[in-house]
Amino acid sequence: MRIDVLTIFPDYLAPVREALLGKAIERGRISVGVHDLRDWTHDVHRSVDDSPYGGGPGMVMKPDVWGEALDSVAAEAAETPRLVVPTPAGVPFDQRTARRWAREERLIFACGRYEGIDQRVIDDAARRMPVEEVSIGDYVLVGGEVAALTMIEAVARLLPGVLGNPASAEQDSFSDGLLEGPSYTRPETWRGLSVPDVLRSGDHAAVRRWRREQGLERTLRRRPELLDTLPPEELDEHDRAL
Ligand SMILES: NC(=S)c1ccno1
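Residues numbered from 1 in each chain as written. Predicted model: local features only at pLDDT ≥ 70, side-chain atom pairs only at ≥ 80, totals over all residues. Heavy atoms only, no water.

Re the sheet that holds strand β2 (residues 31–36)
Let me state the cut-off plainly: At least two DSSP bridges between two strands are required for those strands to pair. Numbering of helices and strands starts at the N terminus; helices are DSSP runs of H or I of at least 4 residues and strands are runs of E of at least 2. The convention used is that axes are lines fitted to C-alpha atoms, helices contributing only their stretch in contact, and that angles between N-to-C directions extend from 0 to 180 degrees. Contacts were defined at the residue level, with two residues in contact if any of their heavy atoms lie within 4.5 Å.
In space, the 5 strands of this open sheet follow the order β2-β1-β6-β5-β7, with parallel pairing throughout. Strands with a single pairing partner mark the edges of an open sheet, and in this sheet they are β2 and β7 (131–135). Across this sheet, the average inter-strand angle for adjacent strands is 30°, counted without regard to direction. Pairing of strand β5 (residues 82–92) with strand β6 (residues 106–110) involves 3 bridges; the strand directions are parallel. Counterpart to V84 in the pairing with β6 is F109. Helix-sheet contacts for helix α2 (residues 63–74) involve β1 (2–7), β2, β5 and β6, and the interaxial angle to β6 is about 160°.

Here we look at the environment of S51
Defined as follows: Note on exposure labels: buried denotes an accessible area under 20% of the residue type's maximum, exposed denotes more than 50%, and partly exposed covers the range between, all computed with a 1.4 Å probe on protein chains only. Distance and chemistry together define a polar contact, namely a pair of N or O atoms within 3.5 Å, with one atom able to donate a hydrogen and the other to accept it when in protein, and with adjacent residues in sequence counting only for side-chain atoms on both sides.
By the secondary structure assignment, S51 is in the loop between β3 (49–50) and β4 (60–61). Under the relative-accessibility criterion, S51 is labelled partly exposed at 32%. S51 sits 64 residues away from E115 along the chain, and the two C-alpha atoms are 9.6 Å apart. Apart from the residues lying within four places of it in its own chain, the contact partners of S51 are M59, T185 and R186. Of the polar contacts made by the side chain of S51, one reaches the side chain of D50; its length is 3.4 Å.

A closer look at the packing of aromatic side chains
Defined as follows: Pairing of aromatic rings covers Phe, Tyr and Trp, the last through its six-membered ring, and needs centres within 6.5 Å; plane angles under 30 degrees mean stacked, over 60 mean edge-to-face, and all others mean tilted. Whether a charge sits over a ring comes down to the Lys NZ or Arg CZ being within 6 Å of the ring centre and within 35 degrees of the ring normal.
A complete count under the given rule lists 3 aromatic pairs for this structure. For the ring pair F9 and Y12, a centre distance of 6.3 Å and an interplane angle of 50° mean the geometry is tilted. On the basis of relative accessible area, F9 is assigned to the partly exposed category, the value being 37%. Considering the side-chain rings of W101 and F109, the 6.3 Å spacing of their centres and the 80° angle between planes classify their relative orientation as edge-to-face. Accessibility classification places W101 together with F109 in one group, the buried group. Of the aromatic side chains, those joined through ring pairs into one cluster are F93, W101 and F109. Its guanidinium or amino end placed over the ring of Y12, R113 lies 5.0 Å from that ring's centre, counting from NZ or CZ.

Details of unusual backbone geometry
Note the cis peptide between R186 and P187, where omega equals 5°. Here P187 shows up in the loop between α6 (166–171) and β8 (189–190). Within the chain, A19 stands out as a residue other than glycine whose phi angle is a positive 50°. Relative to the helices and strands, A19 is located in helix α1 (residues 19–26). Its identity as a non-glycine residue notwithstanding, Y114 has a phi of 55°, on the positive side. Structurally, Y114 is set in the loop between β6 and α4 (119–125).

Considering a nonpolar patch on the surface
For clarity, the threshold we go by: Within the patch definition used here, like charges are joined within 9 Å and nonpolar side chains (Val, Leu, Ile, Met, Phe, Trp, Tyr) within 5 Å, considering only residues with over 30% relative accessible area and no salt bridge. Computed with the Shrake-Rupley method and a 1.4 Å probe, the accessible areas treat only the protein chains shown as cover for residues. Salt bridges are defined as contacts in which a side-chain nitrogen from Lys or Arg sits within 4 Å of a carboxyl oxygen from Asp or Glu.
Residues F9, Y12, Y139, L141 and V146 make up a contiguous nonpolar surface patch of about 430 Å² in total accessible area. When you line up the elements, Y12 lands in the loop between β1 and α1.

A look at the site of the ligand
Defined as follows: Proximity criterion: a residue is near a molecule or strand once any of its heavy atoms comes within 4 Å of it. As a working rule, the residues Ala, Val, Leu, Ile, Met, Phe, Trp, Tyr, Cys and Pro are called nonpolar, Asp, Glu, Lys and Arg charged, and the rest polar, with Gly in that last group.
In the vicinity of the ligand, the residues found are T87, P88, V134, S135, I136, G137, Y139, V140, L141, G143 and A147. Y139 places a polar main-chain atom, nitrogen or oxygen, 2.9 Å from a nitrogen atom of the ligand. Isolated, the ligand exposes 260 Å² of accessible area, and the fraction of that covered by the protein chains is 96%. Its residues assigned to classes, the shell around the ligand shows 7 nonpolar, 4 polar and no charged.

Considering the pairing of β6
Where a strand is regular, its side chains alternate between the two sheet faces. β6 sits mainly inside the fold: 5 of its 5 residues count as buried. As defined by bridge partners, β1 adjoins β6 across 5 bridges and the pair is classed as parallel. Residue R2 lies in a different strand from β6, and its bridge partner there is R106.

This is the structure in structure tokens:
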């Protein structure tokens, strides 16, 4: 299996070459490429982020840099990779997923920072490869690197010849309670994909409503069990109408 990781902190992935995983790499059971996202920037400051459309705290990672980086890394091998995006708004990662991914020939982990990656990067990539936005738990890290390390380890240990005793693998086992919706930053249109109008309307109430709706729709789609655990007063009649 070949695994590639895109990150602005390549050194964060150093542990992947230690211990059990390091030995599996030395033995050729798995190959791991770690790539610095800033290698695909073209400005003197090597910018990878910009302010979010619709306002709000933090910065969003730029689609153009990510688009070039993913195009380049995906093209490094013939096999179509599966793109994994660690995010607290993702589908829960579990052992069943690890087992499924262990059958893949290639995985690419896109490690976001700040408020995340412009949603269009994921939407664009999905035109060319399978994409999974995955969470290792209902908590927020500073970036996706630690989650990527966690999932890489969970998958690699299932590969033949990685664990000392193969039998161990065979025998082993989330502010408003909703997932966040998609994020966008400049440019307004990128690869034919545009930022939703409401985020450019300047109508803060409408933006808040839209983000709630997006969060509700995403939660309903990805984590319906989170709605069951919401206190009844949390969902107003507008929410329930969705
Ligand atoms: N819970 C996950 S996967 C995450 C990624 C970034 N922050 O939290």
